[in-house]
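Here are the chains, one letter per residue:
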Amino acid sequence: NTNPDEKIAIMALLNDRIPKVGMLHPLIVTDKDVVMWKRHTHKIPSKVKYVIWYGNNRYQYAIENGYDMIDCLILNHSTLNIRDELCRQMNIKTKANQIISNKWLKDGRKLLEQNKNTT
């Protein structure tokens, strides 16, 4: 889960970059029946089939900017073990993929700092 300051930095980066280069990575979603979501089933509406695993901020950006479609990669029970490799390719830090820090969060914080210094 992202803390509020991190969320602000990531959203600043998305608001800056997506209009320029597009959404570079699909959302990673899983079926809501995957075991890891069991403790959250009370929060998931019955009509929902998939849950966003990675990409909630990009999803929020898409909603706020009127998207009616967005690319998704659906992982099922047999492909969940590829999560860390996908995150490594996307430069998203996980406990297992040996990425030291979240590149996107760093870039977002740098953008916020630049914007603060120019206003």
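Residues numbered from 1 in each chain as written. Predicted model: local features only at pLDDT ≥ 70, side-chain atom pairs only at ≥ 80, totals over all residues. Heavy atoms only, no water.

Caption draft 1: View of the packing of aromatic side chains. Using the criterion set out here, one finds two aromatic pairs in the structure. Note on Trp53 and Tyr54: the rings are 6.3 Å apart at their centroids and 25° apart in plane angle, and the pair reads as stacked. Assessed through its relative accessible area of 18%, Tyr54 is described here as buried. (Phe/Tyr/Trp six-rings, centres within 6.5 Å; stacked < 30°, edge-to-face > 60°. Buried < 20%, exposed > 50% of the residue type's maximum accessible area, 1.4 Å probe, protein only.)

Caption draft 2: Examining the environment of Asn65 more closely. Inspection of the secondary structure puts Asn65 in the loop between helix 2 (56–64) and strand 3 (72–75). Placed 50 residues apart in sequence, Asn65 and Asn15 show a C-alpha to C-alpha distance of 9.6 Å. A polar contact of 2.8 Å, which involves the side chain of Asn65, links it to the backbone oxygen of Tyr61. (Helix = DSSP H or I, 4+ residues; strand = E, 2+ residues; numbered from the N terminus. Polar contact = N/O pair within 3.5 Å; in protein donor to acceptor, adjacent residues only side chain to side chain.)

Caption draft 3: Quick look at the pairing of strand 2 (residues 50–54). Across the five residues of strand 2, four count as buried, placing the element largely inside the fold. The sheet contact formed by strand 1 (residues 27–31) and strand 2 spans four bridges and is antiparallel. Looking at the pairing, Ile28 lines up with Tyr54 of strand 2. (Pairing = 2+ DSSP bridges.)

Caption draft 4: Structural context of the confidence of the model for the protein. Across the protein, the average pLDDT comes to 82, with 79% of residues at or above 70. The least confident element of the protein is helix 3 (residues 83–89), whose mean pLDDT is 68; the most confident is helix 2, at 94. (pLDDT = per-residue confidence, 0-100.)

Caption draft 5: View of the packing of helix 1 (residues 4–21) against helix 2. Closest axis-to-axis distance for the helix 1/helix 2 pair is 10 Å, and the angle between their directions is 55°. When the interaxial angle is binned, helix 1 and helix 2 end up oblique. Judged by the twist between their axes, the crossing of helix 1 over helix 2 is right-handed. Residues Lys7, Ile10, Met11, Leu14, Asn15, Ile18 and Pro19 of helix 1 touch helix 2, and the partners they reach there are Asn57, Arg58, Gln60, Tyr61 and Glu64. Its residues assigned to classes, the contact of helix 1 with helix 2 shows six nonpolar, three polar and three charged. (Axes fitted to C-alpha atoms, helices over the stretch in contact; angles between N-to-C directions. Parallel < 35°, antiparallel > 145°, perpendicular 65-115°, else oblique. Left-handed = near helix turned anticlockwise from the far one by under 90°. Contact = heavy atoms within 4.5 Å. Nonpolar A, V, L, I, M, F, W, Y, C, P; charged D, E, K, R; others polar.)

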